[in-house]
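Commentary on secondary and tertiary structure
Residue strings, one per chain:
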Amino acid sequence: MSVATEKETAAATSAESALSVRNLWKIFGPRADRIIGTPDAQLSRAELKAKTGCVAGVKDVSFEVAPGEVFVVMGLSGSGKSTLVRCLTRLIEPTAGSVLIDGIDVTTASDAQLRDLRRNRVSMVFQHFGLLPHRQVIDNIAYGLEIRGMKKKERRAKAEEVVSLVGLDGFSHSYPDQLSGGMQQRVGLARALAGDPSILLFDEPFSALDPLIRRDMQNEVIRLHRDLRKTMVFITHDLQEALKLGDRILIMRDGEIVQIGRPDEVVGAPVDDYVRDFVSEVPRSHVLTLKWVMREPRPDDSMDGPVMSCDTIVRQAAKAALASEHPVRVVEGDRVIGIVDDDAILRVVVAEEEAHQ
Amino acid sequence: MSATLTPPAAAPPTPDQPGRDGPGRSIASIPRWAWALGVVVLWVGIWALTKGTDTLALAGREHTDVQTSLGRFRDDVLAGRADNPVIQLTYDLGAWFTSVVDWLQRMLSVPDFPRPVPQVGWLGVTAVATWVGLAVAGWRIAVLVAASFVSFGVFGYWSEAIDLLIVTFVAVGVSVLIGMPLAVLVGTGNRAVNAVTNTVLDIFQTMPTFVYLLPIVLFFGIGAAGAVVCTLVYALPPIIRIAGHGIRNVSTTTIEATDSAGQTWWQRLTKVQLPMARKTIVVGLNQTIMAALSMATIASYVDGPGLGQPVLDALVKNDVGGAFVPGALIVVMAVMLDRSTTAASEYSEMAARGGLDLRLRRIVLAAAAVPVLVALHLSRTYPWAAELDDPGWTPKVADAVDGFFEWFTDTFRDATQAFKDLVSAVLLNPLQSLLSESPWWLAGGAILALAFVVGGLRAVAPTVVCLGGLLYFGLWHDAMVTLNMTLVGTVLVMLLAVVLGVAMARSRAVDVVLRPTLDAGQTIPPFVYLIPVLALFGPTRFTAIVAGVVYAAPVAIKLVADGVRAVSPSTIEAGRSTGSTRWQEIVKVQLPMARASLVLAANQGLLYVLAMAVIGGLVGAGALGYDVVLGFARSEEWGKGAAAGISIVLLGIMVDRIARAAAHRSGAPAAR
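Residues numbered from 1 in each chain as written. Chains lettered and ligands numbered in written order. Predicted model: local features only at pLDDT ≥ 70, side-chain atom pairs only at ≥ 80, totals over all residues. Heavy atoms only, no water.

A separate point is the overall build of chain B. The helix and strand inventory of chain B stands at 28 helices and zero strands. Compactness check: chain B gives a C-alpha radius of gyration of 26 Å against a globular reference of 26 Å for 672 residues, within 12% of the reference. For chain B, the residues scored as buried account for 54% of the 672 residues in total. Taking the intrachain contacts of chain B between residues at least 6 apart in sequence as the baseline, contacts between residues at least 24 apart amount to 81%. Surface summary for chain B: the accessible area is close to 28700 Å², and the carbon and sulfur share equals 67%. Seen as two clouds, the 45 positive and the 43 negative side-chain charges of chain B have centres 11 Å apart. (Helix = DSSP H or I, 4+ residues; strand = E, 2+ residues; numbered from the N terminus. Rg over C-alpha atoms; globule rule 2.2 N^0.38 Å. Buried < 20%, exposed > 50% of the residue type's maximum accessible area, 1.4 Å probe, protein only. Contact = heavy atoms within 4.5 Å. Areas by Shrake-Rupley, 256 points an atom, 1.4 Å probe, with all protein chains shown as cover. Lys, Arg positive; Asp, Glu negative; His and termini not counted. Charge placed at Lys NZ, Arg CZ, Asp CG, Glu CD.)

Before going further, it helps to examine the pairing of strand β3 (residues 70–74) of chain A. Residue and element names in this part refer to chain A. Counted residue by residue, β3 has five buried out of five residues, so it is predominantly covered. Side chains Val70, Val72 and Met74 project from β3 onto one buried face, and the interleaved Phe71 and Val73 project onto a second face that is buried too. Where β3 and strand β9 (residues 248–253) come together, four bridges link them in parallel fashion. Across the sheet, valine 72 pairs through a bridge with isoleucine 249, a residue of β9. (Pairing = 2+ DSSP bridges.)

Attention shifts here to the sheet that holds strand β13 (residues 335–340) of chain A. All names here are of chain A. Pairing is mixed across the open sheet formed by three strands, whose spatial order is β11-β12-β13. Here the strands that pair on one side only, and so sit at the sheet edges, are β11 (307–309) and β13. Averaged over all pairs of adjacent strands, the angle between strand axes in this sheet comes to 40°, irrespective of strand direction. (Axes fitted to C-alpha atoms, helices over the stretch in contact; angles between N-to-C directions.)

Looking now at unusual backbone geometry. Most peptide bonds take the trans configuration, and most residues that are not glycine carry a negative phi. For A:Glu204, which is not glycine, the phi dihedral falls at a positive 40°. Locating A:Glu204 in the fold gives a position in the loop between β7 (199–203) and α9 (211–228). A:Glu204 sits in the buried class, given a relative accessible area of 8%. If you check the backbone angles, B:Asp303 has positive phi at about 70° while not being a glycine. Along the polypeptide, B:Asp303 turns up in the loop between α12 (278–298) and α13 (308–316). Residue B:Asp303 is classed as partly exposed on the basis of its relative accessible area, which comes to 45%.

Time to look at the sheet that holds strand β1 (residues 19–28) of chain A. Residues and elements named next belong to chain A. On the basis of which strands lie adjacent, the open sheet formed by four strands has the order β2-β1-β4-β5 and antiparallel pairing. Of all strands in the sheet, those bounded by a partner on one side alone are β2 (55–65) and β5 (104–105). Direction of pairing for strand β4 (residues 96–101) relative to β5: antiparallel, over a ladder of two bridges. Looking at β5, one finds that isoleucine 101 is bridged to isoleucine 104.

Moving on: the pattern of salt bridges. If you walk through the whole model with that rule in mind, you get 25 salt bridges over all chains. A salt bridge links A:Arg155 to A:Glu146; the nearest nitrogen and oxygen atoms lie 3.7 Å apart. The pair A:Arg155 / A:Glu146 is uniform in exposure class, with both members buried. Close ionic contact of A:Arg186 with A:Glu220 constitutes a salt bridge, the shortest N to O distance being 3.2 Å. In this pair, A:Arg186 sits in helix α8 (residues 181–194) while A:Glu220 sits in helix α9, placing the two residues 34 residues apart along the sequence. Classification of A:Arg186 by relative accessible area gives buried; the value is 14%. The class of A:Glu220 is buried, set by a relative accessible area of 11%. Residues joined in a network through salt bridges with shared partners are A:Arg135, A:Glu146, A:Arg155 and B:Lys271. (Salt bridge = Lys/Arg side-chain N within 4 Å of Asp/Glu carboxyl O.)

Residue and element names in this part refer to chain A. Residues Val122 and Met124 of strand β6 (residues 122–125) are buried on one face, and the alternating residues Ser123 and Val125, pointing to the opposite face, are buried as well. Summarising the sheet, β6 and β7 pair through four bridges and their orientation is parallel. Bridge pairing in β7 links valine 125 to phenylalanine 202.

Time to look at the domain arrangement of chain B. Residue and element names in this part refer to chain B. For chain B, the assigned domains are domain 1 (32–56 + 397–665) and domain 2 (84–119 + 155–356). Contact residues are listed per partner, giving 38 residues for domain 1 and 38 residues for domain 2. Interface area for domain 1 against domain 2, summed over the two sides, is near 3200 Å², with a carbon-plus-sulfur share of 83%. Looking at the side of domain 1 facing domain 2, the largest losses of area belong to Phe527, Ile531 and Phe632, adding up to 22% of the total buried there. Taken together, the links from domain 1 to domain 2 amount to zero salt bridges. Inspection of the region where domain 1 meets domain 2 yields one residue pair in polar contact (both at pLDDT 80 or more). Tallying contributions element by element places helix α28 (residues 638–665) first for the side of domain 1 that touches domain 2, with eleven residues. In the side of domain 1 that touches domain 2, the residues fall into 29 nonpolar, five polar and four charged. (Domains from an automatic or database assignment. Buried area = accessible area lost by both parts, 1.4 Å probe. Polar contact = N/O pair within 3.5 Å; in protein donor to acceptor, adjacent residues only side chain to side chain. Nonpolar A, V, L, I, M, F, W, Y, C, P; charged D, E, K, R; others polar.)

To continue, consider helix α6 (residues 158–188) of chain B. Counted at 1.5 Å a residue, the expected span for α6(B) with its 31 residues is 45 Å, and the 43 Å between its end C-alpha atoms agrees. At B:Gly179, α6(B) is deflected by roughly 30°, the largest bend along its length, and proline B:Pro181 occurs up to four residues later in sequence. (Expected span 1.5 Å × (residues − 1). Bend = angle between axes of the 7 residues up to and from the residue.)

Before going further, it helps to spend a moment on the side chain of A:Thr231. Positionally, A:Thr231 belongs in strand β8 (residues 231–236). The residues touching A:Thr231, leaving out its near neighbours within four places in the chain, are A:Ala18, A:Val65, A:Ala66, A:Pro67, A:Gly68, A:Glu69, A:Ser198, A:Ile199 and A:Leu200.

Shown next as structure tokens:
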């Protein structure tokens, strides 16, 4: 998933955004709405709690998500990421700010409009699945269609299509508690997909699963995204997962945005020590692109080496680069913008080897 | 009434909390029991000097002004029947209930003039009930239902048994109609709603069954109307509380997940909350049915139709043999209702899970409907199917029972007498003279001081209010006598509960044997307990106490057993590894760690024994219970009876609040 460049330009103008969040606040506690706009709002979380008894869950968060983009929100527990994603469809009522989905202002929507939005445009997948234990898999998947008022035969047929899409063939008539955790989350995923929403929200969907199953499910999401091209907002506390899935990553701490950027930007240019510490264990060759390791072309550089796009990830370029006697020419479009020699490649790979010893 | 009591998890011993909550640990390091002992010693000292003065004893026919005005209030209500809209409304309601019950009776249990028999006779009713059992709970329950109905008939109590069922089910129906919306409100409402309903339900459940009768009869009249209203008021709290609890505890993730799909409030309620809480709601329904049955038997006291009447008639005549058969049939009915509702919930779960062949089930039910219709027709056409000939077993059984108890009491007279004398001499008499012969200010002050010692500041306000109320209503002396019976009964209950509870918790075999017995014991209406105890001890206060102990023991034993079992095995292991003996393990590890359960068990024990001490007024227990009974019997004593009823409620609230405060201090949840 690395069509990030054209998406970035798309994300710049909110009219074309699938999701646009502006100055979103959520403060828990009595008379929380009076705090915003006062100097108190600038206090740290602990100070605000001590002074007013309120807790700031989300502090002044703004971002745009382009159609078809996978946008990951990453943070440790308590960073406000789950609160943020719930504010997007008002499962938690935001204190201030606005959320636009497909140009519709969610924050001012009436109950009926909000229901319509939840039924038709946005679906969510939950960490603890949230399935209905008294219904078969097929009826869990069809739940969203059922509450829209769709007839039983029609909704079951529609749900059956999704069943095979998420690899649940043969389990339609099981009950949730007869399935493993991974399979249950497939039901959660199918339920979210059944209504054919334009945006999917994931709240730490794989945190409760075993590592191997988690990897399967991540690949499942990547496959679904490739096939269906849905906009996704993905919440996780796992950096590896964020780097693997995200076109862009938003790193949160104490309810605030620390950094927004593509995976290579977050790893290559962390904005502060917090992010730097976070990404220090990441194998850089897996994330950084040639852009991050190239140098300015010099007149004496050989023009015989292989040509590679600047978005190529270092690890993928390494074999060809090392095999060639000549340095790699890095291009953006038709223009050569830099040169990567063996040393540059080795610096990234070896540094990583050392970091892991 | 408490098969669903959840035992509190064993609380870790709380560290000394520096004193914001009463004396206990705060003043130096004098332990709480020493303070209590100090209060008692001081009390006994002053009692020795002032004994017999200011006891506020009220002779048989004396009334205080408050009691007289209560009596006047009743006269006003009765006089206002013609033009007071409130009373007209309640009487209309009562008349409506009466007509519903009356119609059902003519259908099922009494001759519908000009027919010499009811519309549907014995065979038809039994067949239909059996078919319903088959439909909702499977063939085993169908057999149980059939056997139960046949037993009602062959022992000659057919119409009484069906009347009792009618009153019970009319009341349950109305309870569900009123209770389920309230349960939804409790389950989905905010904290304020919960706090208010909880307080109201607490007070309702603290009230002994007997106390409901007086005011309800005043407003709704005696007979079927009063019986239905009493029963429904008593049966309402379980369904509200348990179903509300079930709805509130539906997984929040699931609610959130389904909300995120855009459901309406109504869709959330009907498609998510109610189905997911179904099991708990059925438990609530079961508890409501059992409560209704137990109240409907007691309602015979206000001329409510049903099996309670022959029991009551026999009890007041001290005729144990006569009370035995109807009492046993009440037990049969209780077991039948309990087993059917429990099995129905399992059965419907199985059906919903695809564990039953639904097509086969439909075929079986349709096939079974044919003989049922035939039986219905027969029972409307032929006298033999309409009315069962009484084979005359009941008098024989009564004689046999009388003979047995005669033999038993003759043989064990020394033992029962010795037990009675021992408890009287060691507990009952000393405590009674201390409580009831102390001047009111001394007893009241001592109770308040003890409340403060065991319950801390939290217990003081309710105790003051309740003691003040007892004084105001002018039955102080009787209240102290009733309190004495309650306390002695509770001590006996706790002795039993600790011994048997620890045994159950430590030995699987004991548990396997005892638990079903206790479960069965909890489903039996309290009224029935009086019968065998009366046979052993005759019409005395002692009968009421022992019946109360028998009534309260199952719940208390189970609470203690579950509390002791909940003590973490690793803690016990750690104790063992230091080489403690079995006795040390029980006394130093298990019991202290199960303290919260012990307190909760004592609380339940107190309320159950109090309820029984009051019903015991019927069989010579005297004091407040007798005042209530007398209030029913003679209209000029009505005011005093009402004052006694209120005093019972005040006593109940007082002991409940003190026990809860004590539980709170020892870290138990104030759950019931």
